[in-house]
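Observations on the model geometry
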Amino acid sequence: MFAEQGWDDAAEPLPRRARAGRTPGKRRLPGAARDGEAARKRPRKRKKAGEPRAAAGELPAGPDEPRQVGQRPDTGTGTAPGPGGRGEPPPRPGPLSMPADGAAEPAEERGEPAGLSRRQRRNRQKRLRQQEPSAAPDGERGSGPGPPEPPGPAEAPPEPRSGRAAALRARMEERLLGARFRYLNQQLYTGSSRDAARLFRDDPAAFHLYHRGFERQVRRWPERPVQRIVRYLRRRPASLVVADFGCGDCTLAASVKNQVHCFDLVPLSPRVTVCDMAKVPLAAEAVDVAVFCLALMGTNLQEILAEANRVLKLGGTLLVAEVASRFEDTRAFLRAMTQQGFKTVSKDLSSSYFYVLEFTKTGPARPGPAPGLRLRPCLYKRR
């Protein structure tokens, strides 16, 4: 049959199996090398999506019987053969994948999705640990207690009922004191010295109330004017005799070594002589220095200054410290003082609270009106 067809082996191509150096009728085993080629590794079978992977150290279980960690496929006991053919212990599971008794805990019981590799489980647990502090409330972050909170400001205990009533009563008394002081102050500046003497003679407690309000007002000033006069007298001989018109609590007399005659409407000190400032119980030309420290009150200023001229020695000194806002026209006031027998020696107008003026006696006061001898009443605004 073959001779009739006359086939030529060189003309006809060999079958597909014989072209690659294979022997016809023989099947090549998986992983076996061809002639002149190195043996290639058989590709692993891919797992389907959702199929659980074997844990580290586990071998995939067969369809008939599940295998345990480290179980040999042939005997079911011992360790699985390693790459070199020798038995090696399975890798030790970490503390996060093994419970305290050493048995493997299923992934579902640990709250992990099935089918995660060992690296994926570690990364997932790391992310969960990093998210725990931010999710925990303040003071409960992490496994331990949070840092202690700084102590807040101590709350003041509730004020007792009697304390609140006392505070309210004190505020009301303060307001009443301010209103009473403003009324008395207005009476002193808008009336004559005789009216003021009569007012406090009939109501001595009113003067104490007025003096308290006066001290509260002056305490707010950067400097008390009486201290300026004290410094002036300390630079003068202690033998000079001083008359303090409107002395108050006799601060001037207590601060200098000079002999000081103290005059006021109500005695706040045993040194005080009660009298009208226009009629003091002193002989003519009996003193060297006459002082009016915030005491030029009343509408009869000309009479009061004439009395100061009477008791002063010729060449004696008159010191006036008065609220700055009371001066309408300083130059007109100084010219009127010349008519009263005084010559201006110095004037300190630097303070916005009070002025200090120094005069010397040149002679007796000239009779007649003095239009420039006028000061505004010192009225305090209601607060």
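It should be emphasised that the depicted structure is a prediction, and the values quoted were computed from it without experimental measurement.

Reading the values: rules and limits
Residues numbered from 1 in each chain as written. Predicted model: local features only at pLDDT ≥ 70, side-chain atom pairs only at ≥ 80, totals over all residues. Heavy atoms only, no water. Pairing = 2+ DSSP bridges. Helix = DSSP H or I, 4+ residues; strand = E, 2+ residues; numbered from the N terminus. Axes fitted to C-alpha atoms, helices over the stretch in contact; angles between N-to-C directions. Contact = heavy atoms within 4.5 Å. Core = buried A, V, L, I, M, F, W, Y, C linked by side-chain atoms within 4.5 Å. Buried < 20%, exposed > 50% of the residue type's maximum accessible area, 1.4 Å probe, protein only. 1 Å grid on protein atoms, 1.4 Å probe; cavity = no way out; pocket = protein on both sides within 12 Å on 5 of 7 lines; lining within 4 Å. Points joined across faces, edges and corners; volume = space filled by probe spheres on them. Phe/Tyr/Trp six-rings, centres within 6.5 Å; stacked < 30°, edge-to-face > 60°. Expected span 1.5 Å × (residues − 1).

1. Overview of the sheet that holds strand β4 (residues 287-293)
Read from one edge to the other, the open sheet built from 7 strands follows the order β3-β2-β1-β4-β5-β7-β6, with strand pairing classed as mixed. Of all the strands in the sheet, just β3 (272-274) and β6 (342-348) have a single pairing partner and so form its edges. Strand-to-strand twist in this sheet, taken as the mean axis angle between neighbours without regard to direction, amounts to 20°. The pairing of strand β5 (residues 312-323) with strand β7 (residues 354-361) spans 7 bridges and is classified as antiparallel. Across the sheet, the residue bridging to valine 320 is leucine 357, located in β7. Helix α10 (residues 330-339) rests against β5, β6 and β7 of the sheet, and its axis sits at about 25° to β7.

2. Remarks on the side chain of serine 269
Its location among the elements puts serine 269 in the loop between β2 (259-264) and β3. The contacts of serine 269, once residues within four sequence positions are left out, are Asp249 and Cys250.

3. A word on the nonpolar core
In globular proteins that are soluble, nonpolar side chains generally tend to be buried together. Within the largest apolar cluster, 40 residues are counted, with the highest numbers of intra-cluster contacts made by Ile229, Leu233, Leu252 and Val291. Leaving out residues up to four positions away in the same chain, valine 291 has contacts with Ile229, Val242, Ala243, Asp244, Phe245, Leu252 and Leu319.

4. With respect to empty space enclosed by the protein
Using a probe with the size of a water molecule, rolled over the atoms, empty space left in the structure can be pinpointed. Within this structure, the stated rule accounts for 2 cavities of 30 Å³ or more. Approximately 500 Å³ is the volume attributed to the largest cavity. In terms of lining residues, the largest cavity is bounded by 32 residues, among which Gly246, Asp264, Cys293, Leu294 and Ala295 are the most central. Elements with a minimum of two residues in the lining of the largest cavity: α5 (193-202), α6 (204-218), α7 (225-234), α8 (251-255) and β4. In terms of residue count, the dominant contributor to the lining of the largest cavity is α6 (6 residues).

5. Observations regarding the packing of aromatic side chains
Any aromatic ring pair is given by two values, namely how distant the centres are and how the planes are angled relative to each other. On inspection of all chains with the given rule, the structure shows 8 aromatic pairs. Ring plane angle 45° and centroid distance 5.7 Å describe the contact between tryptophan 221 and tyrosine 353, whose orientation is recorded as tilted. You can see tryptophan 221 sitting in the loop between α6 and α7 and its partner tyrosine 353 sitting in the loop between β6 and β7, a full 132 residues away along the chain. An angle of 15° between the planes, with centres 5.9 Å apart, marks the rings of tryptophan 221 and phenylalanine 354 as stacked. Placement of the pair is tryptophan 221 in the loop between α6 and α7 and phenylalanine 354 in strand β7, with a sequence separation of 133 residues. There is no split in this pair, since tryptophan 221 and phenylalanine 354 are both buried. Ring pairs connect the aromatic residues Trp221, Tyr353 and Phe354, which therefore count as one cluster.

6. A few points about the environment of serine 352
Mapping serine 352 onto the fold places it in the loop between β6 and β7. You can call serine 352 exposed: its relative accessible area is 62%. In this structure, the C-alpha to C-alpha distance between serine 352 and valine 323, residues 29 residues apart in sequence, is 8.5 Å.

7. With respect to α6
Here α6 is 15 residues long and its end C-alpha atoms lie 22 Å apart, about the 21 Å a rise of 1.5 Å per residue gives. Three or more residues of α6 are buried, namely Ala206, Phe207, Tyr210, His211, Gly213, Phe214, Glu215, Arg216, Gln217 and Val218.

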